[in-house]
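A closer look at the structure
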Amino acid sequence: MKKLQILMSTYNGKAYLREQLDSVLQQDCKQKGLVKLQLLVRDDGSKDGTQKILQEYAVRYPQEVRWYQGENCGVIQSFFELMKKTEKADFYAFSDQDDFWMPDKMSSAIQIIEKYGKNRPFLYCCRPKLVDAELNAITSAMKRPAMRPSFGNALLENIVTGCTAVMNEELRALVAVRFPQFTVMHDRWFYLAASCFGRVYYDETPHICYRQHGGNVVGVNSGRWKEFYGRLRLFWGKRHDISRQAEEFIKIFGALPEREDLKEYRGDAKSASCLKLAKELVEGRKGFSKRLRLVKGKRLFRQRGMDDFIFRMLILLGIY
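Figured I'd write up the structure that's included with this text. Given the structure is predicted, the values throughout are model-derived calculations rather than measurements.

**Remarks on the side chain of S23**
Following the sequence through the fold, S23 ends up in helix 1 (residues 14-25). Side-chain polar atoms of S23 contact the backbone oxygen of Q20, separated by 2.8 Å. Sequence-distant contacts of S23, defined by excluding residues within four places in its chain, comprise F100 and W101.

And the structure:
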């Protein structure tokens, strides 16, 4: 039987944790005996009694739930620590502490991975259903186009909501060779790696209720103008993260001919082209003519038209 390893990081999450743990353990792929499901949880220094709930579930489900206490290091490093401690499996999924998984979340992802993701790094994700604290649907005023995954998009934004991400062993092994010292978010790093060396599949059908509340690390505003200005402030405040992350990606994956662990990707035209684009983005900060070529090109883009316009202006000005 194939193995599914779910990785969850918790931090002061007792308010919704039981509901999320139950939704994970009630996945239909487990109920039908299609995979062996195991949940590994790292607590990032909670002070609200989250550990008591985790221990309760570990005792109740000793074959499926395991958790350990870590020092507070933040959500990005917490998930990378989980990747270091995970047992080898066929499929890996990230889980937040406060969402609610629909019963077919994992079976839908596994079906896609088994169909399209053999022998190549593969990342599945789906569009989350935005809900409030009581799981009532939220309608956003901002239009959300159908997603077009690509490396050029991954350099500028993340469309992979971490709690929807499911990957195969090939992608985990590729990323686990060396974790970055800097990345915008852990899920963004997997999006970059998968779109460069493999494939990303974006499922437009929601299979998860993505809870929006005051304690969210990442959330989405429901009001049109409030969301727009919030995103504009976010872009400006983190504008240099784009080039920093691209530099880190080049540092880790840029030497294809020399890296023994990347030998199977040598001669891969797609991977070489993606790395070349990342280098051009970094080099663009040194000259206006280089930035102008980047802006005129079509490989770098954000999904929304307004977002894309804003970032093309930032790139042209060298503010990224």
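**Description of the layout of surface pockets**
There is about 200 Å³ of room inside the second largest pocket. Lining of the second largest pocket is provided by 13 residues; of these, K2, D90, F91, G117 and E170 occupy positions nearest its centre. Of all the secondary structure elements, the ones that give two or more residues to the lining of the second largest pocket are helix 5 (105-116) and helix 7 (169-176). When the residues that make up the lining of the second largest pocket are grouped by side-chain class, the tally is three nonpolar, three polar and seven charged.

**Describing the sheet that holds strand 6 (residues 122-126)**
Ordered in space as 3-2-1-4-8-6-9, the seven strands form an open sheet in which the pairing is mixed. For this open sheet the edge positions go to strand 3 (65-69) and strand 9 (199-203), each flanked by a neighbour on one side alone. Neighbour-to-neighbour, the strand axes of this sheet turn through a mean angle of 20°, independent of strand direction. Here strand 4 (residues 91-95) pairs with strand 8 (residues 166-168) via three bridges, running antiparallel. Its bridge partner being in strand 8, F91 is matched across the sheet by N168. Across the face of the sheet, helix 5 comes into contact with strand 1 (2-10), strand 2 (35-43), strand 4, strand 6, strand 8 and strand 9 while running at roughly 145° to strand 6.

**Details of the packing of helix 7 against helix 8 (residues 186-197)**
The N-to-C vectors of helix 7 and helix 8 enclose an angle of 110°; their axes lie 10 Å apart at closest approach. Here helix 7 is positioned roughly perpendicular relative to helix 8, judged by the angle of their axes. Between helix 7 and helix 8 the crossing geometry is right-handed. For the pair helix 7 and helix 8, contact is made by L171, L174 and V175 and by W189, F190, A193, A194 and F197, respectively.

Quick notes on the rules
Residues numbered from 1 in each chain as written. Predicted model: local features only at pLDDT ≥ 70, side-chain atom pairs only at ≥ 80, totals over all residues. Heavy atoms only, no water. Helix = DSSP H or I, 4+ residues; strand = E, 2+ residues; numbered from the N terminus. Polar contact = N/O pair within 3.5 Å; in protein donor to acceptor, adjacent residues only side chain to side chain. Contact = heavy atoms within 4.5 Å. 1 Å grid on protein atoms, 1.4 Å probe; cavity = no way out; pocket = protein on both sides within 12 Å on 5 of 7 lines; lining within 4 Å. Points joined across faces, edges and corners; volume = space filled by probe spheres on them. Nonpolar A, V, L, I, M, F, W, Y, C, P; charged D, E, K, R; others polar. Pairing = 2+ DSSP bridges. Axes fitted to C-alpha atoms, helices over the stretch in contact; angles between N-to-C directions. Parallel < 35°, antiparallel > 145°, perpendicular 65-115°, else oblique. Left-handed = near helix turned anticlockwise from the far one by under 90°.

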